[in-house]
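A closer look at the structure
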Amino acid sequence: MAMQTIEELFEHELKDMYSAEQSLLEALEQMADESSDREIRKGFTQHRKETQAQIKRLEKIYKVLGQKPATGTCPGIEGLIKEKKAFLREKPSGELLEFYNIGAAQKAERYEITAYETLIDMAEKLGMGDVVELLEQNLQEEEMTLNRLKAIASEFDVAEETDDEMAEDRVSK
Ligand SMILES: [Fe+2]
């Protein structure tokens, strides 16, 4: 049957995010494992905990709707996970992988932020105040995480010793 109502679109997008958050749980655990920097690892672990709480909030929304949570896959986030797998085949150094993860996590946050903003807009149109409140909490956590990641990225130091520079060093000695 053809989709015709905002309610249906809302449910469609809710399912997308419910699936996205599940995939991100696993991705965040992996990125924490790949972090040698203690602060970065702590950041990923903390956001993983927040993600578990976000999933609970989405389940509350399903309750409000009188529905069971519907799982599927979120092709948007799966795409980012695929990109990461392809990147791993380039055999990056541990440090570069760590820097890559900080960027990939920002891409995921931006996806989530836009998805939640869209869901909030629809929930407002549908007059679902309780649902808006739950979604706002998730949105706030994603925004804080994006800001934290941006700060980490700008402070991140990648050792920049190329073969050419090493050769130059030897010549000048
Ligand atoms: Fe999230």
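Summary of the structure given here. (Residues numbered from 1 in each chain as written. Predicted model: local features only at pLDDT ≥ 70, side-chain atom pairs only at ≥ 80, totals over all residues. Heavy atoms only, no water.)

A word on the coordination of the iron ion
The iron ion binds to the protein through E21 (OE), E21 (OE), Q54 (OE1), E112 (OE) and E142 (OE); the donor distances cover 2.0 to 2.5 Å. Read from N- to C-terminus, the donor residues coordinating the iron ion fall into the pattern E-x32-Q-x57-E-x29-E. Highlighted residues: Q54 in helix α2 (residues 38-65) and E112 in helix α4 (residues 94-125), separated in sequence by 58 residues. Comparing Q54 with E112 shows no difference in burial state: the two are buried. (Donors = N, O, S within 2.8 Å, 3.2 Å for Na, K, Ca; no water. Helix = DSSP H or I, 4+ residues; strand = E, 2+ residues; numbered from the N terminus. Buried < 20%, exposed > 50% of the residue type's maximum accessible area, 1.4 Å probe, protein only.)

As for the layout of surface pockets
In this structure, the largest pocket occupies an estimated 360 Å³ of space. For the lining of the largest pocket, the elements supplying multiple residues, two or more each, are α1 (6-33), α3 (75-88) and α4. Grouping the constituent residues of the lining of the largest pocket by class yields eleven nonpolar, four polar and six charged. (1 Å grid on protein atoms, 1.4 Å probe; cavity = no way out; pocket = protein on both sides within 12 Å on 5 of 7 lines; lining within 4 Å. Points joined across faces, edges and corners; volume = space filled by probe spheres on them. Nonpolar A, V, L, I, M, F, W, Y, C, P; charged D, E, K, R; others polar.)

Remarks on the side chain of E142
Along the chain, E142 turns up in helix α5 (residues 129-155). It is R57 that comes nearest to the buried, bridge-free E142 among opposite-charge side chains, at 7.7 Å. If near-sequence neighbours (up to four positions away) are discounted, E142 is found in contact with E21, H47, Q54, E109, E112, I113 and Y116. (Lys, Arg positive; Asp, Glu negative; His and termini not counted. Salt bridge = Lys/Arg side-chain N within 4 Å of Asp/Glu carboxyl O. Contact = heavy atoms within 4.5 Å.)

Some remarks on empty space enclosed by the protein
All chains considered together, the criterion is met by one cavity of 30 Å³ or more. Estimated volume of the largest cavity: approximately 100 Å³. Together, L28, I40, G43, F44, H47, A105, E109, T145, R148, L149 and I152 line the largest cavity. Counting only elements with at least two residues in the lining of the largest cavity, the list comes to α2, α4 and α5.

A few points about the packing of α2 against α4
One way to put it is that α2 packs onto α4 with a least axis distance of 13 Å and a crossing angle of 25°. Accordingly, the angle class assigned to the pair α2 and α4 is roughly parallel. Judged by the sense of rotation from one axis to the other, the crossing of α2 with α4 is left-handed. Each of I40, F44, H47, Q54 and L58 in α2 lies in contact with α4, whose residues at this interface are E98, N101, I102, A105, E109, E112 and Y116. Within the contact of α2 with α4, the residues separate by chemical class into six nonpolar, three polar and three charged. (Axes fitted to C-alpha atoms, helices over the stretch in contact; angles between N-to-C directions. Parallel < 35°, antiparallel > 145°, perpendicular 65-115°, else oblique. Left-handed = near helix turned anticlockwise from the far one by under 90°.)

Description of α5
The first and last C-alpha atoms of α5 sit 39 Å apart over 27 residues, in line with the 39 Å expected at 1.5 Å per residue. Taken residue by residue, α5 has V131, V132, L134, L135, N138, L139, E141, E142, T145, L146, L149 and A153 as its buried positions. Next to the buried residues of α5 lie α1, α2 and α4. (Expected span 1.5 Å × (residues − 1).)

A look at the packing of aromatic side chains
What describes a pair of aromatic rings is the distance from one ring centre to the other and the angle between the planes of the rings. Counted by the stated rule, this structure contains three aromatic pairs. Between Y18 and Y62 the ring centres are 5.6 Å apart and the planes differ by 75°, which places this aromatic pair in the edge-to-face class. Remark: Y62 occurs in helix α2 and Y18 occurs in helix α1; sequence separation between them is 44 residues. Assessed through its relative accessible area of 6%, Y18 is described here as buried. Owing to a relative accessible area of 2%, Y62 belongs among the buried residues under this scheme. (Phe/Tyr/Trp six-rings, centres within 6.5 Å; stacked < 30°, edge-to-face > 60°.)

Coordinates in, geometry out; function isn't part of it.
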